[in-house]
Amino acid sequence: HTTPSRQSTAPMSLSANSSSTKKTCQACGKDASKKCSRCSTVWYCSPECQRQDWKSHKPVCNSEYQMQQYELHKKAFDAITEKYNLKTEEKSTEIAELLTSGTDNVTAKEFAERFGMDVQEAVVFLEWVKVGVKFKEQSIDAAKKAGFGAQQTSR
């Protein structure tokens, strides 16, 4: 598929409808046979209608696409974890120590060599770990702003 350009134009490729169920064009309401190739959530009768609807569809499309990417990465992470038996306490501890040992960046190559996987699998694994760390940091920040986890004063 073609991704949107910075000028906020719609993805130009549309996926054909393989189902016999009638779909309605998001922009004009006519019968539609093509869906957005990026998020696959809305239907259009033509590239023109898709371009016309892009400004309103873009936030939904980006959000849906992001969720699909997270789901794919999570599945890949789970498969790697299973394939290399990384759920054991021993492996979990080894990974945690490696990632928190004070070395700024563990490279995917180093990680791959250490755990016997290929570099691409190491990249996927480490990227998903970053997602988890970022989520945890954001959750802690939100909790602090809401007054949870504030340091208690001693009496």
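Residues numbered from 1 in each chain as written. Predicted model: local features only at pLDDT ≥ 70, side-chain atom pairs only at ≥ 80, totals over all residues. Heavy atoms only, no water.

Draft legend 1. Region of interest: the pattern of salt bridges. As enumerated under the stated definition, the model contains five salt bridges in all. Here Lys-74 makes a salt bridge to Asp-78, at a shortest N to O gap of 2.6 Å. Here Asp-78 and Lys-74 lie together in helix 1 (residues 47-83), a separation of four residues that amounts to about one turn. Classification of Asp-78 as partly exposed rests on a relative accessible area of 34%. Arg-114 is the salt-bridge partner of Glu-94, the closest N and O atoms lying 3.1 Å from each other. A residue pair is termed long-range when its members are at least 10 positions apart, and Glu-94 in helix 2 (residues 89-99) and Arg-114 in helix 3 (residues 108-115) qualify at 20 residues. Look at Arg-114 and you get partly exposed, because its relative accessible area is 43%. (Salt bridge = Lys/Arg side-chain N within 4 Å of Asp/Glu carboxyl O. Helix = DSSP H or I, 4+ residues; strand = E, 2+ residues; numbered from the N terminus. Buried < 20%, exposed > 50% of the residue type's maximum accessible area, 1.4 Å probe, protein only.)

Draft legend 2. Just helix 4 (residues 119-145), in detail. Taking 1.5 Å of rise per residue, the 27 residues of helix 4 would be expected to cover 39 Å, and the 39 Å separating its terminal C-alpha atoms lies within 8% of that figure. Where helix 4 is concerned, the buried positions are Glu-121, Ala-122, Val-124, Phe-125, Leu-126 and Trp-128. Structurally, helix 4 contributes buried residues whose contacts are with helix 1, helix 2 and helix 3. The opening residue of helix 4 is Asp-118, an N-cap whose side-chain oxygen sits 3.1 Å from the backbone nitrogen of Gln-120. The first or second residue beyond helix 4 is Gly-147, which carries a positive phi of 95 degrees. (Expected span 1.5 Å × (residues − 1). Contact = heavy atoms within 4.5 Å. Polar contact = N/O pair within 3.5 Å; in protein donor to acceptor, adjacent residues only side chain to side chain.)

Draft legend 3. Structural detail: the nonpolar core. In terms of nonpolar packing, the biggest core is built from 17 residues, with Ile-80, Leu-86, Phe-111, Phe-115, Met-117 and Phe-125 touching the most fellow members. Elements supplying a minimum of two residues to this core: helix 1, helix 2, helix 3 and helix 4. In terms of residue count, the dominant contributor to this core is helix 4 (five residues). In this structure, Phe-111 is in contact with Ile-95, Leu-98, Val-106, Met-117, Ala-122, Phe-125 and Leu-126, ignoring residues within four places of it in sequence. The next biggest cluster of nonpolar side chains, apart from the first, holds ten residues, and it includes Cys-39, Tyr-44, Cys-49 and Trp-54. (Core = buried A, V, L, I, M, F, W, Y, C linked by side-chain atoms within 4.5 Å.)

Draft legend 4. Structural view of the packing of aromatic side chains. For the structure shown, the criterion picks out five aromatic pairs. Between Phe-111 and Phe-115 the ring centres are 4.6 Å apart and the planes differ by 40 degrees, which places this aromatic pair in the tilted class. Here Phe-111 and its partner Phe-115 are both found in helix 3, four residues apart, which amounts to about one turn of the helix. Among the residues examined, Phe-111 registers a relative accessible area of 0% and is labelled buried. With a centroid separation of 5.2 Å and an interplanar angle of 20 degrees, the aromatic rings of Phe-111 and Phe-125 are classed as stacked. Placement of the pair is Phe-111 in helix 3 and Phe-125 in helix 4, with a sequence separation of 14 residues. For the residue pair Phe-111 and Phe-125, the accessibility class agrees, reading buried in each case. Chaining the aromatic ring pairs together yields one cluster made of Tyr-70, Phe-77, Phe-111, Phe-115, Phe-125 and Trp-128. (Phe/Tyr/Trp six-rings, centres within 6.5 Å; stacked < 30°, edge-to-face > 60°.)

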